[in-house]
Amino acid sequence: MFLRRFARPLLAKVKETTGIVGLDVIPNAREVLISLYTKTLKEIRAVPEDEGYRKAVECFTRHRLNVCQEEEDWEKIEKRIGCGQVEELIEEAKDELKLISLMIEWDPWGVPEGFECEVIENDAPIPKHIPQHRPGPLPEEFYKTLEAVTSRPKLEKATAPSEELKPKE
Amino acid sequence: MDNQSIFKYSWETFPKKWVHKKERSEHGNRSDTNTDYPFQLLCFLKLHTYTRVQVSIDICGVDHPSRKRRFEVVHNLLSTRYNSRIRVQTSADEVTRISPVVSPFPSAGRSEREVWDMSGVSSINHPDLRRISTDHGFEGHPLRKDLPLSGYVEVRYDDPEKRVVSEPIEMTQEFRYFDSASPWEQRSDG
């Protein structure tokens, strides 16, 4: 016990367990994340420009890649990205890669003519006696991505789009 | 306003071909799609980083007899990471077959079987499509609006034959006289 107390600063960087069943600790998580994110950025180029999906993916992948490259420590990466543990981030990145390949296969891009999407805004309030499980605070990266996706750089040049928008290649 | 931002995000990132109606409400965000796309939409929702819906809660079939495509298949989904729920609805008629969503959500296997059994909306290439809630040899789909509440057959144990037999229904109706003008039990006259 005393040994652990003295050795704890040395052990601080080593993650013992993720706490999630079935998810093992990956010791070189940072390298894996960086390689996955660079691969994602390469793959997403196959999606046509102008699609909200592409903008969103590029925005948050770039942000996460920057964070991973700046920080050396997995703990700091987790804290800055704010989206769970590094092993979960690795899973998310792998799923995103799978999704990109599936989307390229299905190819649903473009807006068909005569496209009408009915948007219903139903503001009926929920009665007070029903417990609501409100969603927790979303990571702030989400809001930046949302901004990047919704602002249209071509049409609105007056309102400054957020800096995360990539310049047109 | 997290619901609002989730809704806006999904509006922007879903490919436009897939959705043709969306609803944002405190009771649950919903997006409607055409028949070809629910599988793809659900895969998108499952895998995308900002909409990690990994749990399929339920799949229901709703019958609207007045519409041309009378059934509506509703997938209820839950995202444990972002604590949000979303409903994906598709419309189908009696002969349309929808794609099974068992590969992204294995727990949907039983719900799909139930949709098939109760409403008659079948799936293409479903790994295991059998009846799940109705009796063996039951004909018809109970949750359709044209099947009467008491059904068509009556089941009883027949002593001479020593087994359960089904016979056409002959539920005695004479004591079922509902006169809502008076709260007391009414007896009919014959």
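Counting from 1, residues in each chain are numbered in the order their sequence is written. Numbering of ligands from 1 and lettering of chains from A proceed in the order in which they are written. Restriction of local features to residues with pLDDT of at least 70 applies here, the model being predicted, together with a cutoff of 80 or more for giving and counting side-chain atom pairs; totals for whole chains, interfaces and linings are based on all residues. To get the side-chain values, take all heavy atoms of the structure and skip hydrogens and water.

Draft legend 1. Seen up close, the pairing of strand 6 (residues 153-158) of chain B. Two strands make a pair as long as DSSP finds a minimum of two bridges between them. Each helix corresponds to a stretch of at least 4 residues labelled H or I by DSSP, and each strand to a stretch of at least 2 residues labelled E; elements are numbered beginning at the N terminus. Here strand 6 of chain B pairs with strand 7 (residues 163-168) of chain B via six bridges, running antiparallel. Bridged to E154 of chain B within strand 7 of chain B is E167 of chain B.

Draft legend 2. Layout of the environment of E16 of chain A. Looking at where E16 of chain A falls in the secondary structure, it is placed in the loop between helix 1 (2-11) and helix 2 (29-43). Separated by 78 residues in sequence, E16 of chain A and K94 of chain A have C-alpha atoms that sit 23 Å apart.

Draft legend 3. Up close: the packing of aromatic side chains. Residue and element names in this part refer to chain B. Stacked, tilted and edge-to-face are the three classes applied to pairs of Phe, Tyr and Trp rings, where Trp contributes its six-membered ring and a pair requires centres within 6.5 Å; stacked means planes under 30 degrees apart, edge-to-face means over 60, and tilted covers the rest. With the rule as written, the count across this model stands at four aromatic pairs over all chains. Judged by centre distance (6.1 Å) and plane angle (50 degrees), the rings of Y50 and Y82 are tilted. With a gap of 32 residues between them, Y50 in the loop between helix 2 (38-47) and strand 3 (55-63) and Y82 in the loop between strand 4 (71-79) and strand 5 (84-92) connect regions that are remote in the sequence. When its relative accessible area of 4% is taken as the criterion, Y50 is described as buried. The cut-offs for exposure are 20% and 50% of the maximum accessible area for each residue type, with area from a 1.4 Å probe on protein chains only; residues under the lower value are buried, those over the upper are exposed, and the others partly exposed. Given the relative accessible area of 6%, Y82 is considered buried. The positively charged end of K46 is found above the aromatic ring belonging to F105, 5.8 Å away from the centroid. We call a charge positioned over a ring when the NZ of a Lys or the CZ of an Arg lies within 6 Å of the ring centre and within 35 degrees of the ring normal.

Draft legend 4. Main features of the confidence of the model for chain A. All names here are of chain A. One confidence number per residue, pLDDT, is output by the predictor and ranges from 0 to 100. Summarising the model, chain A shows a mean pLDDT of 74, and 78% of its residues fall at 70 or more. Across chain A, element-level confidence peaks in helix 2 with a mean pLDDT of 89 and bottoms out in helix 1 with 50. Pairs of residues are marked as contacts when any of their non-hydrogen atoms sit within 4.5 Å. Under a pLDDT of 50 for its full length, residues 7-12 has, in the predicted model, two contacts with residues more than four places off or in other chains. Low pLDDT, under 50, characterises residues 153-169; the predicted model gives this stretch 16 contacts beyond four residues in sequence or across chains.

Draft legend 5. A look at the pattern of salt bridges. Salt bridge, as used here, is a side-chain nitrogen of Lys or Arg placed within 4 Å of a carboxyl oxygen of Asp or Glu. By the definition in use, this model includes 18 salt bridges over all chains. Between E49 of chain A and R54 of chain A there is a salt bridge, and its shortest N-O distance comes to 3.9 Å. Judged by its relative accessible area of 6%, R54 of chain A falls in the buried class. For D117 of chain B, the salt bridge goes to R131 of chain B, with nearest N and O atoms at 4.0 Å. Here R131 of chain B lies in the loop between helix 3 (108-119) and strand 6 and D117 of chain B lies in helix 3, a separation of 14 residues in the sequence. Since its relative accessible area comes to 4%, D117 of chain B is described here as buried.

Draft legend 6. Here's a closer look at the confidence of the model for chain B. Residues and elements named next belong to chain B. On average, residues of chain B score 78 in pLDDT, and 79% of them are at 70 or above. Element-level mean pLDDT values for chain B span from 68 in strand 1 (residues 19-25) up to 88 in strand 3. Interface scoring of the predicted complex returns ipTM 0.73; its pTM is 0.75.

Draft legend 7. Up close: a positive patch on the surface. Candidates for patches are residues over 30% relative accessible area with no salt bridge; among them, like charges are joined within 9 Å and nonpolar side chains (Val, Leu, Ile, Met, Phe, Trp, Tyr) within 5 Å. Using a 1.4 Å probe, accessible areas were evaluated by the Shrake-Rupley method; residue-level cover was limited to the displayed protein chains. We score Asp and Glu as negative and Lys and Arg as positive, and we do not count His or the chain ends. Every charge is mapped to an atom, namely NZ of Lys, CZ of Arg, CG of Asp or CD of Glu. Together, K39, K42, R45 and R62 of chain A make up a region of like positive charge exposed at the surface. One can find R45 of chain A in the loop between helix 2 and helix 3 (52-70).

Draft legend 8. Fine view of the UniProt feature "domain: NADH:ubiquinone oxidoreductase 30kDa subunit" (unreviewed entry) in chain B. In the numbering used here, UniProt assigns the "domain: NADH:ubiquinone oxidoreductase 30kDa subunit" (unreviewed entry) feature to residues 40-152 of chain B. Within residues 40-152 of chain B, the helical portion is 18% and the strand portion 24%, while the C-alpha atoms at the span's ends are 39 Å from each other. UniProt positions are given in the numbering used here, feature names are shortened, and annotations may be inferred rather than shown by experiment.

Draft legend 9. Region of the structure containing the interface of chain A and chain B. Every contact between the two is made by 50 residues of chain A and, on the other side, 36 residues of chain B. Buried area: the accessible area, evaluated with a 1.4 Å probe, that two parts lose upon being put together, summed over both parts. When chain A packs against chain B, the two sides together hide about 3,900 Å² of surface, and 61% of this comes from carbon and sulfur. Inspection of the region where chain A meets chain B yields four salt bridges. Note that R52 of chain B is salt-bridged to D95 of chain A, the shortest N-O span being 2.6 Å. Whenever two N or O atoms come within 3.5 Å, that pair is a polar contact, provided that in protein one can donate a hydrogen and the other can accept it, and provided that, for residues adjacent in sequence, both atoms are side-chain atoms. For the pair chain A and chain B, the interface holds five residue pairs in polar contact (both at pLDDT 80 or more). The dominant element in the side of chain A that touches chain B, judged by the number of residues it contributes, is helix 5 (residues 86-106) of chain A, at ten residues.

Draft legend 10. Structural detail: the state of the cysteines. Two cysteine sulfur atoms make up a disulfide if the distance between them is within 2.5 Å. On inspection of all chains with the given rule, the structure shows zero disulfides over all chains. For the unlinked cysteine C43 of chain B, the closest cysteine sulfur is that of C60 of chain B, found at 20 Å.

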